[in-house]
Amino acid sequence: MSITRKSNTFDPFSLDLWDPFDGFPFNHSLLSTPRSSPSLSFPSYTSAFAAARIDWRETPEAHVFKADLPGIKKEEVKVEVEEGNVLQISGERTRENEEKNDTWHRVERSSGKFLRRFRLPENAKMDQIKAAMENGVLTVTVPKEEVKKPEVKSIEISG
């Protein structure tokens, strides 16, 4: 008895790679090797788009974003504010040049553009955002406005 496996998107044991961003209007011209090449497995352009891992932590004083961007220089990263309260972190990781004499056995590091957006709360001080890059970690600090405590006035009860 032989087992044959049909290629099916819904088959959890299928060997086909499914790209959830397939068909989105991204520029795939950065890939010089077809994805169907059996000997090399180059990550797609869209895998880098989704691969920027970012932590968002809120402290009493600020919102702090930390992004792991190994191998990317600070000149290759943009931190912008859109629409008044949307923090956008974007950049591009370039792929190493292929030499004709080189034999690649495995390519796992992603390359291409990445983009992440975060809608910030109303208490964020958008004009005081600071960003720093150290050891491949981008830290973006968005200070918060102080929450004004309601004034409580004690009233004496007569009688």
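Now for a quick tour of the structure. In every chain, residue numbers begin from 1 and rise along the written sequence. Predicted model: local features are reported for residues with pLDDT of at least 70 only, side-chain atom pairs are reported and counted for 80 or more only, and whole-chain, interface and lining totals are derived from all residues. Computation of side-chain values: all heavy atoms of the structure, hydrogens and water removed.

### Side note on the environment of E83
Next, step 1: Residue placement: E83 occurs in the loop between strand 3 (77-82) and strand 4 (86-93).
Next, step 2: Throughout, exposure labels follow a simple rule: accessible area from a 1.4 Å probe, protein chains only, divided by the maximum for the residue type, with under 20% read as buried, over 50% as exposed, and the rest as partly exposed. Overall, E83 belongs to the exposed group, its relative accessible area being 65%.
Next, step 3: Measuring from C-alpha to C-alpha, the distance between E83 and R119 comes to 9.4 Å, with 36 residues separating the pair along the chain. Secondary structure counts use DSSP, requiring at least four H or I residues in a row for a helix and at least two E residues in a row for a strand, with both numbered from the N terminus.

### Looking at the pairing of strand 6 (residues 130-134)
Next, step 1: By the convention used here, strands pair only if DSSP detects at least 2 bridges between them. Across five bridges, the pairing between strand 6 and strand 7 (residues 137-143) is antiparallel. If you follow K130 over to strand 7, its bridge partner there is T141.

### Regarding the pattern of salt bridges
Next, step 1: A carboxyl oxygen of Asp or Glu within 4 Å of a side-chain nitrogen of Lys or Arg is what we treat as a salt bridge. Following the criterion strictly, the structure yields two salt bridges and no others.
Next, step 2: Residue R117 pairs with E82 through a salt bridge whose shortest N-O separation is 3.5 Å. Of the two residues, R117 sits in strand 5 (residues 112-119) while E82 sits in strand 3, which places them 35 residues apart along the sequence.
Next, step 3: Residue classification places E82 among the partly exposed positions, given a relative accessible area of 25%.

### Comments concerning the side chain of K144
Next, step 1: Take K144: it is sitting in the segment after strand 7.
Next, step 2: We define a polar contact as two N or O atoms separated by no more than 3.5 Å, with the added condition that, inside protein, one atom must be a possible hydrogen donor and the other a possible acceptor, whereas residues neighbouring each other in sequence contribute only through side-chain atom pairs. There is a polar contact of 2.7 Å between the side chain of K144 and the side chain of E58.
Next, step 3: Note on definitions: a residue-residue contact is assigned when non-hydrogen atoms from the two residues lie within 4.5 Å. In this structure, K144 is in contact with E58, T59, P60, E61, A62, H63, N123 and K125, ignoring residues within four places of it in sequence.

### So, the sheet that holds strand 2 (residues 62-68)
Next, step 1: As summarised here, the arrangement of the four strands in space is 1-2-7-6, forming an open sheet in which the pairing is antiparallel. Here the strands that pair on one side only, and so sit at the sheet edges, are strand 1 (54-58) and strand 6. Across the sheet, the axes of successive neighbouring strands diverge by a mean angle of 15°, strand direction being ignored. Lines are fitted to the C-alpha atoms to define the axes, a helix being fitted only along its stretch in contact, and any angle between axes, read from their N-to-C directions, falls within 0 to 180 degrees.

### Regarding the pairing of strand 3
Next, step 1: By the bridge criterion, six bridges tie strand 3 to strand 4 in an arrangement that is antiparallel. In the sheet register, V81 faces strand 4, and the bridge partner there is L87.
Next, step 2: Linking strand 3 back to strand 4 in an antiparallel pair, the connection comprises three residues, with E83 at a positive phi of about 50°.

### Overview of the nonpolar core
Next, step 1: Core analysis: the biggest nonpolar cluster contains 16 residues, and F65, L69, V77, I89, F114, L138 and V140 have the highest contact counts within it.
Next, step 2: Among the secondary structure elements, those contributing two or more residues to this core are strand 2, strand 4, strand 5 and strand 7.
Next, step 3: The leading source of residues in this core is strand 7, at three residues.
Next, step 4: Not counting the four nearest positions on each side in its chain, F65 is found in contact with I54, D55, W56, L87, F118, L120, L138, T139, V140 and V142. For our purposes a nonpolar core is just a set of buried Ala, Val, Leu, Ile, Met, Phe, Trp, Tyr and Cys residues, chained together by side-chain atoms within 4.5 Å.

### Observations regarding the sheet that holds strand 5
Sheets are built from strands paired through backbone hydrogen bonds, the pairs being either parallel or antiparallel.
Next, step 1: Read from one edge of the open sheet, three strands run 3-4-5, paired in antiparallel fashion. Strand pairing shows two members of the sheet lacking a second neighbour, strand 3 and strand 5, which therefore form its edges. Taking each pair of neighbouring strands and ignoring which way they run, the sheet shows an average axis angle of 15°.
Next, step 2: Direction of pairing for strand 4 relative to strand 5: antiparallel, over a ladder of eight bridges. Counted as the bridge partner of R93 is G112 from strand 5.

### Topic: the packing of aromatic side chains
Next, step 1: Stacked, tilted and edge-to-face are the three classes assigned to paired rings of Phe, Tyr and Trp, where Trp is represented by its six-membered ring and a pair needs centres within 6.5 Å; plane angles under 30 degrees give stacked, over 60 edge-to-face, the rest tilted. For the coordinates displayed, the defined rule picks out three aromatic pairs.
Next, step 2: Summarising the aromatic geometry, the rings of W56 and F118 are spaced 5.8 Å apart at their centres and angled 75° between planes, so their arrangement reads as edge-to-face. Note that W56 is positioned in strand 1 and F118 in strand 5, a separation of 62 residues in sequence.
Next, step 3: Among the residues examined, W56 registers a relative accessible area of 37% and is labelled partly exposed.
Next, step 4: The exposure class assigned to F118 is buried, which follows from its relative accessible area of 9%.
Next, step 5: Each member of the aromatic cluster is reached from another via a ring pair, and the members are W56, F65 and F118.

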